[in-house]
Structures are given as C-alpha cells and as structure tokens.
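Letter by letter, the chains look like this.
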Amino acid sequence: MRMFRESDALPAYRNWMSDPDVTHFTSWETHRSPEESLAIIRTWIAEYPLGSIDWCITLRGSDEPIGGISVVQHHPEKGYCEIGYVLSQRYWDRGYMTEALKAAVNFIFDHTDYEWIQARHDTENVASGRCMEKCNFRELGFRDLPDPKTGRIRTYRFMGITRRDVFIMP
C-alpha cells in the first residue's frame, strides 16, 4: 500500500472506480470519467498533510493500483475511527483485501491514539464481512440505514476491532 498519486487516476478508473459491480456497495457513485477519479484522488492528496489515511492498494512488485482503503470517519473524542475499502473485481477472493485490511489496522493502531476501529458492510455483501472476520473484527450489531446513493433502506452489519484484538489476529 502507498499514498495515491495523480498518475493513479486512469488505472484506478479502469480497475474499479468505473465498475458498477465494484461500486454497488460503496457510498459513492460509479465514476463516469477518469477526470472524476482524478478529482477525488486530488482531494485525498491534498489531505495527506492533515493526516488523512487514504491508501492505494497495489500488488507486490507492481505499482498498478488495484484498490483503496481509507479511514472514512474519525471520532477521536470517542476513541475510534471507521474504515472502508474497495478492490478491483479481478482481485476478489484472493486474499488481497484481507492482507490490506490487516496492514491498515496495524498502521492505525501504531500511528494513532484510536482504541478501536469500526467497519460496516451491507449484509448482501457477504465477502466483505468474511474479510473483516478474517482480520479478527467482531460483530457489534446490525442497523437499518438509508443507502447513501439510492435512499433505499439497507441492513448493515457493524464490526469492530480493538488494540487488544490485534495481538491475537490470525
């Protein structure tokens, strides 16, 4: 994993940001152009000096962007943050996201004061939940919330991991 660069816009657009199968469960709309991908990447780059955690996932030995993982909500007053992630469909079910999520969790606990990390997934996105479970996230509960894109009520499963849980991470 690494920080995003402007040159990532076109491959990110091609690999996942323009794929409706990938963006189906994201909080953001499928990108319609590489310029749209460039605009959001520029936002992330501008926020790096402020401590933003928006990383580009790449394959070892390759600099090609295949996904992203970010802290999407910060709640320092409550001692936690929420993390979100996305991966190119070509790399689903190969363990890449599990590896990236473990690395992100370790980084957050090593470089912040957060005591726990929260993540959520739509209950129809079973693979995302399995990824969290493999990283030792524990179920916190379920909540019906409006889909950020459609407004339709969806059921989300909330998961969490504490600093202590990391030491027993498989």
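Structure: see above.
None of these values were measured; they are calculated from a predicted model.

1. Here's the deal with the side chain of Asp 165
Structurally, Asp 165 is set in helix 6 (residues 163-166). Overall, the relative accessible area of 4% leaves Asp 165 in the buried class. A polar contact is formed between the side chain of Asp 165 and the side chain of Arg 138, at a distance of 3.1 Å. Side-chain polar atoms of Asp 165 contact the backbone nitrogen of Thr 162, separated by 3.0 Å. Discounting residues that sit within four places of it in the chain, Asp 165 has contacts with Asn 136 and Arg 138.

2. Considering the pairing of strand 7 (residues 153-162)
Of all ten residues in strand 7, seven are buried, a share of seventy percent or more. Where strand 5 (residues 116-122) meets strand 7, seven bridges bridge the pair, whose relative direction is antiparallel. Paired with Ala 119 across the strands is Met 159, a residue of strand 7. Where strand 6 (residues 138-146) and strand 7 come together, eight bridges link them in antiparallel fashion.

3. Here's the deal with the packing of aromatic side chains
All told, the structure shown has four aromatic pairs when counted by the stated rule. Geometrically, the ring pair formed by Tyr 80 and Trp 116 is stacked, given 4.2 Å between the ring centres and 20 degrees between the ring planes. In this pair, Tyr 80 is assigned in strand 4 (residues 80-87) and Trp 116 in strand 5, connecting sequence segments 36 residues apart. Judged by relative accessible area, Tyr 80 falls into the buried class, the value being 12%.

4. Considering the pattern of salt bridges
A full pass over the atoms with the stated rule returns 13 salt bridges. Asp 63 serves as the salt-bridge partner of Arg 2, at 2.9 Å between the closest nitrogen and oxygen. Residue Arg 2 is located in strand 1 (residues 2-3), and its partner Asp 63 is located in the loop between strand 2 (54-58) and strand 3 (65-75); the two are separated by 61 residues in the primary sequence. Of the charged contacts in the structure, one is a salt bridge between Arg 163 and Glu 115, with a shortest N-O distance of 3.5 Å. Of this pair, Arg 163 sits in helix 6 while Glu 115 sits in the loop between helix 4 (96-111) and strand 5, and the two are 48 residues apart along the sequence. On the accessibility criterion, Arg 163 (23% relative accessible area) is partly exposed. Linked through salt bridges whose partners overlap, the residues forming this network are Arg 2, Arg 5, Asp 8 and Asp 63.

5. A few points about the environment of Asp 122
Within the fold, Asp 122 resides in strand 5. Counting along the chain gives 16 residues from Asp 122 to Arg 138, while the straight-line C-alpha distance between them is 15 Å. Each residue touching Asp 122, except ones within four places of it in the same chain, is listed here: Phe 25, Arg 154, Thr 155 and Tyr 156. Here the side chain of Asp 122 touches Arg 154 through a polar contact of 2.6 Å, side chain to side chain.

6. Section: unusual backbone geometry
Negative phi is the rule for most residues except glycine; trans is the rule for most peptide bonds. Of note, Asp 93 is a non-glycine position whose phi angle comes to about 60 degrees, a positive value. Inspection of the secondary structure puts Asp 93 in the loop between strand 4 and helix 4. Taking relative accessible area as the criterion, Asp 93 reaches 69% and is therefore assigned exposed. Positive phi outside glycine occurs at Asn 136, with the angle close to 75 degrees.

Parameters and conventions
- Residues numbered from 1 in each chain as written.
- Predicted model: local features only at pLDDT ≥ 70, side-chain atom pairs only at ≥ 80, totals over all residues.
- Heavy atoms only, no water.
- Helix = DSSP H or I, 4+ residues; strand = E, 2+ residues; numbered from the N terminus.
- Buried < 20%, exposed > 50% of the residue type's maximum accessible area, 1.4 Å probe, protein only.
- Polar contact = N/O pair within 3.5 Å; in protein donor to acceptor, adjacent residues only side chain to side chain.
- Contact = heavy atoms within 4.5 Å.
- Pairing = 2+ DSSP bridges.
- Phe/Tyr/Trp six-rings, centres within 6.5 Å; stacked < 30°, edge-to-face > 60°.
- Salt bridge = Lys/Arg side-chain N within 4 Å of Asp/Glu carboxyl O.

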